[in-house]
Amino acid sequence: MITVTKLHPLFMAEIGGVDLTQPVSASDYAAIDDAFNTHAVLVFRGQPVTEAQQVAFSKHFGPLIPTTNYHRKGEMQRLRAELADVSNIDHENNMLPVDSERRQHSLGNQLWHTDASFKHVPARCSLLAAHEVPPTGGETEFADMRAAFDALPQARKDEIEDLVVEHSIYRSRERMGFTGYNEATRAELPPVQQVLVRTHPGSGRKTLYLAAHASHVLGWPLEKGQALIDELIAHATQPQFTYAHHWQVGDVVMWDNRCTMHRARPYEDLKYRRDMRRSTVSDEINTVEARRGPLADAV
Ligand code: OGA
Ligand code: MN
């Protein structure tokens, strides 16, 4: 029997009564889907899933997006391609050194974001499994973007409702001070367009759709769009809309990338190991195309 315990007044719930190392029944999946649509971030505790078990459970929610390996050319992978390696550990089980490229780029996770918004078809949800955690730090914070949208003044809602935003992985890297990517590298992940306000399919509620990857507003002067994006991210990440998850080994946390943002909190990553593995489920369609609707071409 699935149990659902709310962890925050607005979103976040802990799910009990299920064993993710075993096949999950259709009725349990239905209960998890329901809780996911309502609470947006689900915490499962005491789930020591193998890579295969995590992949099997995740695939129920849709096809998986393979690892974004743009920063790992020639580097040996520790995990199967369906899992993103969010650890500070290399394929020989050693901790990443200070100058490791993967270590430096993973610092980007400390900026508020939603996963894969820089891809044409972004991520629907992500599932992060904790295998080793540091004694302090390394929490993951979540922000409720439906509640953040609801709390905007009506005039702001009207102003932003139809806007389209360009997202690029290089925008979030630039925010961290990483620039100087050459054209060939940039061409591998070209900028994409996403709507700024979307209707969350699972709940019918409107939500902000934003990330550190968001670069500017289409049709607006660059600075004005960047200022709006920064202002909305600041609004949405006020304490009343956020929750920090403190990890234990065996936790699996599943979040809805369509209506939440998240960020990693710092920890002493040269001193302590943190072994986290993420499966990422694809959304169905680009958000701008979804807004246009299937009949758009015919009209
Ligand atoms: C991620 C991510 C945050 C963390 O895996 O997508 O942003 O706390 N992780 O590791
Ligand atoms: Mn992320």
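Residues numbered from 1 in each chain as written. Chains lettered and ligands numbered in written order. Predicted model: local features only at pLDDT ≥ 70, side-chain atom pairs only at ≥ 80, totals over all residues. Heavy atoms only, no water.

This brings us to the sheet that holds strand β11 (residues 214–217). Strand order in the open sheet made by the 3 strands is β8-β7-β11, with antiparallel pairing throughout. In the strand order of this sheet, the two ends are held by β8 (192–195) and β11, each with one partner. Within this sheet the neighbouring strands show an average axis-to-axis angle of 40°, counted without direction. Across the sheet, helix α8 (residues 222–236) is in contact with β7 (164–167) and β11; its angle to β11 comes to roughly 125°. (Pairing = 2+ DSSP bridges. Helix = DSSP H or I, 4+ residues; strand = E, 2+ residues; numbered from the N terminus. Axes fitted to C-alpha atoms, helices over the stretch in contact; angles between N-to-C directions. Contact = heavy atoms within 4.5 Å.)

What follows is about the sheet that holds strand β6 (residues 140–144). Pairing within the open sheet is antiparallel, and its 3 strands lie in the order β12-β6-β14. Looking at the sheet topology across the chains shown, the edges are occupied by β12 (242–245) and β14 (260–264). In this sheet, adjacent strand axes meet at a mean angle of 20° when their direction is disregarded. Sheet topology note: the β6/β12 ladder contains 4 bridges and is antiparallel. The residue bridging Thr-140 from the neighbouring strand is His-245, located in β12.

Turning next to the site of ligand 1. Near ligand 1 you find Val-86, Asn-109, His-113, Asp-115, Leu-128, Glu-139, Thr-140, Trp-255, His-262, Ala-264, Arg-274 and Arg-278, and these make up its full shell. Contact distances for ligand 1 include 3.1 Å between an oxygen atom and a side-chain N or O atom of His-113. A distance of 2.8 Å is found between an oxygen atom of ligand 1 and a side-chain nitrogen or oxygen belonging to Arg-274. Burial of ligand 1 by the protein amounts to 100% of the accessible area it has alone, namely 290 Å². (Near = heavy atom within 4 Å. Polar contact = N/O pair within 3.5 Å; in protein donor to acceptor, adjacent residues only side chain to side chain. Areas by Shrake-Rupley, 256 points an atom, 1.4 Å probe, with all protein chains shown as cover.)

A few words now on the packing of aromatic side chains. Pairs of aromatic rings are described using the distance from one ring centre to the other and the angle between the two planes. On inspection of all chains with the given rule, the structure shows 6 aromatic pairs. Ring centres of Tyr-29 and Phe-57 lie 5.7 Å apart, and the angle between their planes is 15°; this geometry places the pair in the stacked category. Here Tyr-29, found in helix α1 (residues 26–39), pairs with Phe-57, found in helix α2 (residues 51–59); they are 28 residues apart in sequence, far enough to count as distant. When the centroid spacing of 5.9 Å and the interplanar angle of 80° are considered together, the rings of Tyr-29 and Phe-61 count as edge-to-face. Taken together, the positions of Tyr-29 in helix α1 and Phe-61 in the loop between α2 and β4 (83–85) put the pair 32 residues apart, joining distant regions of the chain. The pair Tyr-29 / Phe-61 is uniform in exposure class, with both members buried. By the ring-pair criterion, three or more aromatic residues cluster together here, those being Tyr-29, Phe-44, Phe-57 and Phe-61. (Phe/Tyr/Trp six-rings, centres within 6.5 Å; stacked < 30°, edge-to-face > 60°. Buried < 20%, exposed > 50% of the residue type's maximum accessible area, 1.4 Å probe, protein only.)

Another point: the confidence of the model for the chain. The predicted coordinates ought not to be read in detail in places where the model reports low pLDDT. Scored by pLDDT, the chain comes out at a mean of 94, with 96% of its residues at no less than 70. When the elements of the chain are averaged for pLDDT, helix α3 (residues 101–106) gives the smallest value, 88, and strand β3 (residues 41–44) the largest, 99. (pLDDT = per-residue confidence, 0-100.)

Counting 25 residues, the largest nonpolar core has Leu-20, Ile-32, Leu-42, Phe-44, Phe-57, Phe-61 and Met-254 as the members making the most contacts within it. Those elements that provide at least two residues to this core are β2 (13–16), α1, β3, α2, β5 (123–132) and β13 (252–256). A total of 4 residues in this core trace back to one element, the largest contributor, which is α1. If sequence neighbours within four positions are ignored, Met-254 has contacts with Phe-36, Ala-40, Val-41, Leu-42, Phe-44, Phe-61, Cys-125, Ser-126 and Leu-127. Within the second largest apolar cluster, 23 residues are counted, among which are Val-165, Ile-229, Ile-233 and Ala-236. (Core = buried A, V, L, I, M, F, W, Y, C linked by side-chain atoms within 4.5 Å.)

Before going further, it helps to spend a moment on the side chain of Thr-287. Checked against the element boundaries, Thr-287 lands in helix α9 (residues 287–292). In this structure, Thr-287 is in contact with Pro-122, Gln-193, Gln-194, Val-195, Arg-198 and Tyr-209, ignoring residues within four places of it in sequence.

A word on the side chain of Thr-207. You can see Thr-207 is positioned in strand β10 (residues 206–208). Judged by relative accessible area, which is 0%, Thr-207 ranks as buried. Within the structure, Thr-207 has its side chain in polar contact with the backbone nitrogen of Arg-146 (distance 3.5 Å). With residues up to four places along the chain from it excluded, the contact list for Thr-207 reads Met-145, Arg-146, Phe-149, Leu-196, Val-197, Arg-198, His-200, Arg-258 and Cys-259.

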